[in-house]
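A closer look at the structure
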Amino acid sequence: MCGIVGYTGADTAKRILIEGLKRLEYRGYDSAGVALERTSAAGSCELDIVRRTGKVAGLESELAHMDPDSTCGIGHTRWATHGRPSQANAHPHVSCDGRIAVVHNGIIENFAELRTELEGRGHRFASETDTEVLAHLIEEAYAEAGDLMAAVRVACTQVVGAYGIAAVCADEPGVIAVARKDSPIVVGTGASGSYVASDVIALIDATRDVVVLEDGQFARLAPEGITYTDADGAPIEPAITHIDWDIDTAEKGGYPDFMLKEICEQPRVVRDTLVGRLGPNGELDIDELGLTFEELNLIDRVYVIACGTSYHAGLIAKNLIEAWARIPCEVEAASEFRYRNPIITPSTLVVAVSQSGETADTLAAIRDARIKGAKVFGITNVVGSPVARESDGVIYTKANKEIAVASTKSFIGQIVSLTLLAMLLGQAKGKLTTGQIRMLFHELGDTAAQIQWILDTQREAVHRAALACKDAQSALFVGRGMGAAISYEGALKLKEVSYLHAEAYAAGEMKHGPIALIDPGFPVIAVTTKSPTYDKVVSNLKECEARGAMIVAIATEGDEDIKQIADHVVYIPPVRDAFSAITASVPLQLLAREVAVMRGCDVDQPRNLAKSVTVE
Ligand code: M6R
């Protein structure tokens, strides 16, 4: 949450900061600001601070009249934690003398004590944020050290919490001091200068060779390059990461929004996630997990820990792991898991699923599980992310950067990766033969074409269903087995992008309470694909139909009978029940987006949300 960016070099800082902030806006968008260095008429360096509430586009208009000559600055786009979204609380925050400015992503947990102490020493605060203490701490340390980088290092010894920080000082023109602990920071040098950002997407136009700073590492950016130090100020040489994904990912490419673009990318995600995973003898190749077949065979319990959409991918995985490997699998919200005392032994496998790889609750759960002795696998979309770094093994989903706040293509990448893991466990446990693995693998690959078929043929049916749902106050999503797991994700997608209240229930639970909600016209969106429980779901739907529900069915192509009870039908191709989540999720994603567009919502940046949830 929150995006920070910085640039120093020969180019126009204002343009680079605004472009970077727009790309980072997925991280938060309630206010934005920049600090730009300017040479005064007297020849001294001054900091121009511009902040405003709302999105980066508003800040851009405000900056339009400003001097374009600045070549060094820092910027921030905010998701409020401490202090409401307001101009005063927007970053950058400045020292009392206005000569030091700081942008920060994370949370300073001991800010209240620090603020009291700093106020006691005469510092004046202008905001309600935790971040502002950093500006004053750096100011104090700078008075002693006379060096910005050293001052930032000292300030970092005083704060408790998580931070990615970039700071500038008018007395050191052209220098940006950067620090990191538990919040992502990448830096890189391009042809015209040095860059820092919360995410590589903000600097990929300038360079593809970046340094992902590790906790406790510091970087000093200057126009001619970057130097790195540890917490003691000793020089270090961090590893370079080469970014190989395409910059097209950061552009809408003719689509009206990123959400639709990313939904349409899903056939590619399936294909890319499977590339190179099946060996010539039918054995699965997931070497990066770092466990032998013998070690996998010893696993006797699996926990999938995750949040939001990633949690729903876990619900799907549970069905597959228990069916194919015959070992118990529990799926837990990471925010619950970390505060329980789950039963963990050395033969427990914890699978942490996180698109961003930086969700605070998931990270904390990983750390807890490892302390308790579990082996932890991460499934993430972001190379070098904290989840990747802190897990014993990692599978990278091949979704490429996901920009829309609502997860779509990364969800499909997660399901495909978890499906491979379930197959691998089944093979290691001797429950699946190599022949079965080969067959499953090819059918899994076929889902790419099946998704494409849905995208090519079912958009009109989804549109009609969306028209029928758009004015509702509330909606229910139902299904059984895989269908129930998908329903949870369908309901989350609809509420997060359209603000229409939605809940999901296992269809068999309807009669135990939720059916009371149904009155004429109430939307019930049902996953009624051909599965062992198809008839049961249909019976549950008949009960809804009898009470006047408006039924939208996600059904298997060729199922004409479903039209007798459903007002709208969206088809998916026939598919093995185990893989139905991959295909049936697509109409639900399209439905959520269509309803949101019809209701005039910003589908890419829904209110109150942020893509990376780095707070508890
Ligand atoms: O990055 P993560 O997968 O850890 O994020 C978890 C959730 O915050 C995320 O899935 C959220 O629910 C999405 N906005 C859903 O579309």
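Please refer to the structure placed before this passage.
Residues numbered from 1 in each chain as written. Predicted model: local features only at pLDDT ≥ 70, side-chain atom pairs only at ≥ 80, totals over all residues. Heavy atoms only, no water.

**Section: the packing of helix H9 (residues 308-324) against helix H16 (residues 482-498)**
Counted only if it meets this: Lines fitted to the C-alpha atoms define the axes, with helices restricted to the stretch that makes contact. Angles between their N-to-C directions range from 0 to 180 degrees. Strands are runs of DSSP state E lasting at least two residues, helices are runs of H or I lasting at least four, and both sets are numbered from the N terminus onward. To sort the angles, those under 35 degrees are grouped as roughly parallel, those over 145 as roughly antiparallel, those from 65 to 115 as roughly perpendicular, and the leftovers as oblique. Contact between two residues is taken to exist if any of their heavy atoms lie within 4.5 Å; hydrogens are not considered. Any residue outside Ala, Val, Leu, Ile, Met, Phe, Trp, Tyr, Cys, Pro, Asp, Glu, Lys and Arg is labelled polar, Gly included; the first ten of those are nonpolar and the last four are charged.
Where H9 contacts H16, the two axes come as close as 9 Å, and the packing angle between them is 175 degrees. As summarised for this structure, H9 and H16 are arranged roughly antiparallel, according to the angle between their axes. Where H9 abuts H16, its residues Gly-308, Thr-309, His-312, Leu-315, Ile-316, Asn-319 and Leu-320 lie against Met-482, Ala-485, Tyr-488, Glu-489, Leu-492 and Lys-493. The residue inventory of the contact of H9 with H16, partitioned by class, reads 7 nonpolar, 4 polar and 2 charged.

**Some details on helix H4 (residues 132-145)**
Note the following rule: Each residue after the first adds 1.5 Å to the expected span of a helix.
Across its 14 residues, H4 extends 20 Å between first and last C-alpha, which sits within 8% of the 20 Å expected from 1.5 Å per residue. Where H4 is buried, its residues contact strand S5 (93-94), strand S6 (100-108), helix H3 (111-120), helix H5 (148-158) and strand S7 (161-169). Directly after H4, the chain includes Gly-146, whose backbone phi takes a positive value near 65 degrees.

**With respect to the packing of H9 against helix H13 (residues 409-428)**
What counts here: It is the rotation of the near helix from the far one that decides the hand of a crossing: anticlockwise by less than a right angle makes it left-handed, clockwise makes it right-handed.
The contact between H9 and H13 brings their axes to 9 Å, and the two run at 25 degrees. Classified by the interaxial angle, the pair formed by H9 and H13 is roughly parallel. Pair H9 / H13 crosses with right-handed handedness. Between H9 and H13, the residues in contact are Thr-309, Ser-310, His-312, Ala-313, Gly-314, Ile-316, Ala-317, Leu-320, Ile-321 and Trp-324 and Phe-411, Gln-414, Ile-415, Leu-418, Thr-419, Ala-422, Met-423, Leu-425 and Gly-426, respectively. For the contact of H9 with H13, the class distribution of residues is 12 nonpolar, 7 polar and no charged.

**Points about the sheet that holds strand S10 (residues 193-197)**
So the rule is basically this: Strands qualify as paired when DSSP identifies two bridges or more between them.
The strand order across the open sheet built from 8 strands is S3-S2-S4-S1-S10-S9-S11-S14, with neighbouring strands paired in antiparallel fashion. Both edges of this open sheet fall to strand S3 (45-53) and strand S14 (241-242), since each of them pairs with a single strand only. Looking at chain direction, strand S1 (residues 3-9) and S10 are connected through 5 bridges and run antiparallel. In the sheet register, Gly-6 faces S10, and the bridge partner there is Val-196. Helix-sheet contacts for helix H1 (residues 13-24) involve S1, strand S2 (31-39), strand S4 (72-78) and S10, and the interaxial angle to S1 is about 155 degrees.

**Quick look at the environment of Asn-89**
Definition in use: Pairs of N or O atoms within 3.5 Å make up the polar contacts considered here, provided that, within protein, one atom can donate a hydrogen while the other can accept it, and that residues adjacent in sequence are counted only when both atoms are side-chain atoms.
Mapped onto the elements, Asn-89 comes out in the loop between S4 and S5. Discounting chain neighbours no more than four positions away, the residues touching Asn-89 are Arg-78, Gly-83, Arg-84, Ser-127, Glu-128 and Thr-129. Reaching out from Asn-89, the side chain makes a polar contact with the backbone oxygen of Arg-84 at a distance of 2.8 Å.

**Some words on the pairing of S6**
On any regular strand, side chains alternate: one points to one face of the sheet, the next to the other face. In plain terms, the rule: Residue exposure (1.4 Å probe, protein chains only): buried if accessible area is under 20% of the type maximum, exposed if over 50%, otherwise partly exposed.
Of all 9 residues making up S6, 9 are buried, and the element is well covered by its neighbours. Of the pairings in the sheet, the one linking S5 to S6 comprises 2 bridges and is antiparallel in character. Paired with Val-94 across the strands is Ala-101, a residue of S6. Following S5, the chain reverses through 5 residues before pairing antiparallel with S6; Gly-98 in that reversal takes a positive phi of roughly 70 degrees. Alignment of S6 against S7, held across 9 bridges, turns out to be antiparallel. Bridge pairing in S7 places Asn-105 opposite Gly-164.

**Things to note about the sheet that holds S6**
As summarised here, the arrangement of the 6 strands in space is S5-S6-S7-S8-S12-S13, forming an open sheet in which the pairing is antiparallel. Looking at the sheet topology across the chains shown, the edges are occupied by S5 and strand S13 (225-229). Relative to the sheet, H4 contacts S5, S6 and S7, its axis offset from that of S6 by approximately 130 degrees.

**A short note on the side chain of Gln-605**
Along the chain, Gln-605 falls in the segment after helix H18 (580-598). Beyond its immediate sequence surroundings of up to four residues, Gln-605 is in contact with Glu-25, Tyr-26, Tyr-29, Lys-55 and Val-405.

**Notes on the environment of Ala-13**
Relative to the helices and strands, Ala-13 is located in helix H1. Considered as a pair, Ala-13 and Glu-37 are 24 residues apart in the sequence and their alpha carbons are 8.9 Å apart.

**Here we look at the pairing of strand S21 (residues 501-506)**
As a reminder of what qualifies: Orient the strands so they point away from the viewer; a crossover is then right-handed if the path from the first strand over the helix to the second runs clockwise.
Both strand S20 (residues 474-479) and S21 contribute to a ladder of 6 bridges, which runs parallel. Bridge pairing in S21 places Ser-474 opposite His-501. Where the polypeptide runs from S20 across H16 and back to S21, its parallel neighbour, the crossover connection is right-handed.

**A few points about the packing of aromatic side chains**
Think of a pair of aromatic rings as described by two things: how far the centres are apart, and how the planes are tilted against each other in angle. For the record, the criterion: Only Phe, Tyr and Trp rings are paired, with Trp represented by its six-membered ring, and only when their centres lie within 6.5 Å; those with planes under 30 degrees apart are stacked, over 60 edge-to-face, the remainder tilted. Only when the NZ atom of a Lys or the CZ atom of an Arg is both within 6 Å of the ring centre and within 35 degrees of the ring normal do we say a charge sits over the ring.
Scanning all chains against the criterion turns up 3 aromatic pairs. Directly above the ring of Tyr-29 sits Lys-55, whose terminal nitrogen or CZ lies 5.0 Å from the centroid. The side chain of Arg-607 reaches across the aromatic face of Tyr-499, ending 3.9 Å from its centre.

**Let's talk about the site of the ligand**
In plain terms, the rule: One heavy atom within 4 Å of a molecule or strand is enough for the residue carrying it to be called near that molecule or strand. Here the accessible surface of atoms and residues is derived via Shrake-Rupley with a 1.4 Å probe, and residues count as covered only by protein chains that are part of the display.
Near the ligand there are 15 residues, and of these Ser-310, Ser-354, Ser-356, Thr-359 and Glu-496 occur at the shortest range. Between the ligand and the protein, one listed contact pairs an oxygen atom with a side-chain N or O atom of Ser-310 at 2.6 Å. For the ligand, an oxygen atom lies 2.8 Å from a polar atom in the backbone of Ser-407. In the complex, 92% of the free accessible area of the ligand, which totals 410 Å², lies under the protein chains.

**Some details on the pattern of salt bridges**
The following threshold applies: For salt bridges, the criterion is a side-chain nitrogen of Lys or Arg within 4 Å of an Asp or Glu carboxyl oxygen.
Here the structure, examined in full by the defined rule, presents 38 salt bridges. As a salt-bridge pair, Glu-119 and Arg-115 come within 3.3 Å of each other at their nearest N and O atoms. With Glu-119 and Arg-115 both in helix H3 and 4 residues apart, the pair spans about one turn of that helix. Accessibility expressed as a relative area gives 38% for Glu-119, which makes it partly exposed. For the salt bridge of Glu-390 with Arg-367, the shortest nitrogen-to-oxygen distance reads 2.7 Å. Placement of the pair is Glu-390 in helix H12 (residues 386-390) and Arg-367 in helix H11 (residues 360-371), with a sequence separation of 23 residues. Connected through salt bridges with shared partners, the residues Lys-261, Glu-265, Arg-268, Asp-272 and Lys-409 form a single ionic network.

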